[in-house]
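Breakdown of the fold
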Amino acid sequence: MSTLDIFVATMYGGALDVAEQVKPLFEDCGYTVTIHEQPTLEDLIEPPVELALFCVSTTGSGDYPGNFASLASDIADKGPSLAHLRYGLIAMGDSSYGETFCGAGRALDALLGEYGAERLGERLEVDAMETFMADDEAVPWVEAWIEEQGLNR
């Protein structure tokens, strides 16, 4: 059976809500889904995750939320090969913060790519100034992402 890991970076629960809303979409395609609310480097590399979705909120001045900061730091510090990883990314932020809008999601995207991970499709950026509930954009994006990547077979 195919597996999908969802890694959540959240401050107030919005990214976790998105993860919980999209989980059934993957399960309906036959995936076993694990949501990581306190993700660690070990969750990502032991055993190696092959398919992941990152749901990432931005806090402060483009920073990772506290529950995710150590994972990002461990990737940057330890430099593990992530060549096994294919992923999708949903970044959440507030455009009123200007240049730091979706900063954590954008930084994670660059970090994963630096260590060999392959992003599948485009990154979704959800703007809290335009969308009150992030899952209103995330659910249709995930449905299309599943289709585009052939994950529904």
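Keep in mind that this is a model prediction, so the values were computed, not measured.

What follows covers the overall build of the protein. Looking only at helices and strands, one finds five helices and six strands in the protein. The linear arrangement of helices and strands in the protein, starting from the amino end, is β-α-β-α-β-α-β-α-β-β-α. A compact globule built from 153 residues should have a C-alpha radius of gyration of about 15 Å, and the protein, at 14 Å, falls within 12% of that. For the protein, the spread of C-alpha atoms along the principal axes amounts to about 40 × 35 × 25 Å. Within the protein, buried positions represent 46% of all 153 residues.

What follows is about the pairing of strand E3 (residues 51-57). Summarising burial for E3: seven of the seven residues are buried, a large majority. As paired elements, strand E1 (residues 3-9) and E3 share five bridges and run parallel to each other. From the neighbouring strand, Ala-9 faces E3, where its bridge partner is Val-56. Inspection of the sheet shows E3 paired to strand E4 (residues 86-93) by seven bridges, in the parallel sense. When the sheet's bridge partners are listed, Val-56 is paired in E4 with Ala-91.

What counts, and where the lines are drawn
- Residues numbered from 1 in each chain as written.
- Predicted model: local features only at pLDDT ≥ 70, side-chain atom pairs only at ≥ 80, totals over all residues.
- Heavy atoms only, no water.
- Helix = DSSP H or I, 4+ residues; strand = E, 2+ residues; numbered from the N terminus.
- Rg over C-alpha atoms; globule rule 2.2 N^0.38 Å.
- Buried < 20%, exposed > 50% of the residue type's maximum accessible area, 1.4 Å probe, protein only.
- Pairing = 2+ DSSP bridges.

Just geometry here; none of it tells us what the structure is for.
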